[in-house]
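# Structural characterization, general
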Amino acid sequence: MKTLKNIFLVILTIGLMQSCIVSEKPNIDFFQNSKYDFKGAQFASINVPMVLAKSYIKKALREEGESEETIDMVKKASKIKVLTVTNGSKEMLNDYAQFLNNNHYEEWASIKHDGEDINIRVKQDGEIIKNMLITVGSSKNEMVFVDVKGSFTANDISKMINSVADK
């Protein structure tokens, strides 16, 4: 019986860790479109399993002295996808922005800092933000896309931004 229990736990652990594997296939909707010509862009994607990641992320944020508002945002996240693109183009980034506009994402912030463009877009259901997409593009044609799903409010995001700005 003990051996059966151990085998079950190993299989369960492998199943949970499977989504942590880095893949060369894109995991964000726009980039999964096989009809689009990405012109030599290379992808690396990670689906972060929140069951495993939440406690680790919260602990790391507390150790770094982050605010409780930031930690509360992590608690409200239900899924995080990260996609990195090398050899991407401005045209691809513009097409991605158009895709988001067509799919009812609102642009909340666009920031230029140290040669990088940071863009935050959200998709809302009433007052609740169901999806937040963060795009970071550099002048070296390297891009990072973070897709955060959860149940946030504008007030949650405002509190987090204010707590970070106060430092």
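Residues numbered from 1 in each chain as written. Predicted model: local features only at pLDDT ≥ 70, side-chain atom pairs only at ≥ 80, totals over all residues. Heavy atoms only, no water.

Looking at an unreviewed UniProt entry, one finds the protein named DUF4252 domain-containing protein, with Chryseobacterium cucumeris as its source organism.

So, on to unusual backbone geometry. Even without a glycine there, the phi angle at Asn87 is positive, about 65°. Position of Asn87 relative to the elements: it lies in the loop between β2 (77–86) and α4 (90–102). You will see that His104, though not glycine, has its phi angle at about 65°, which is positive. Along the polypeptide, His104 turns up in the loop between α4 and β3 (106–113). (Helix = DSSP H or I, 4+ residues; strand = E, 2+ residues; numbered from the N terminus.)

Read from one edge to the other, the open sheet built from six strands follows the order β1-β2-β6-β5-β4-β3, with strand pairing classed as antiparallel. This sheet does not close on itself; its edge strands, each paired only once, are β1 (42–48) and β3. Averaged over all pairs of adjacent strands, the angle between strand axes in this sheet comes to 15°, irrespective of strand direction. In terms of strand pairing, β3 meets strand β4 (residues 116–125) through seven bridges, oriented antiparallel. Note on β4: the bridge partner recorded for Ser110 is Asn119. Sitting on the sheet, helix α3 (residues 68–76) touches β2, β5 (128–138) and β6 (143–153), and the angle it makes with β2 is about 95°. (Pairing = 2+ DSSP bridges. Axes fitted to C-alpha atoms, helices over the stretch in contact; angles between N-to-C directions. Contact = heavy atoms within 4.5 Å.)

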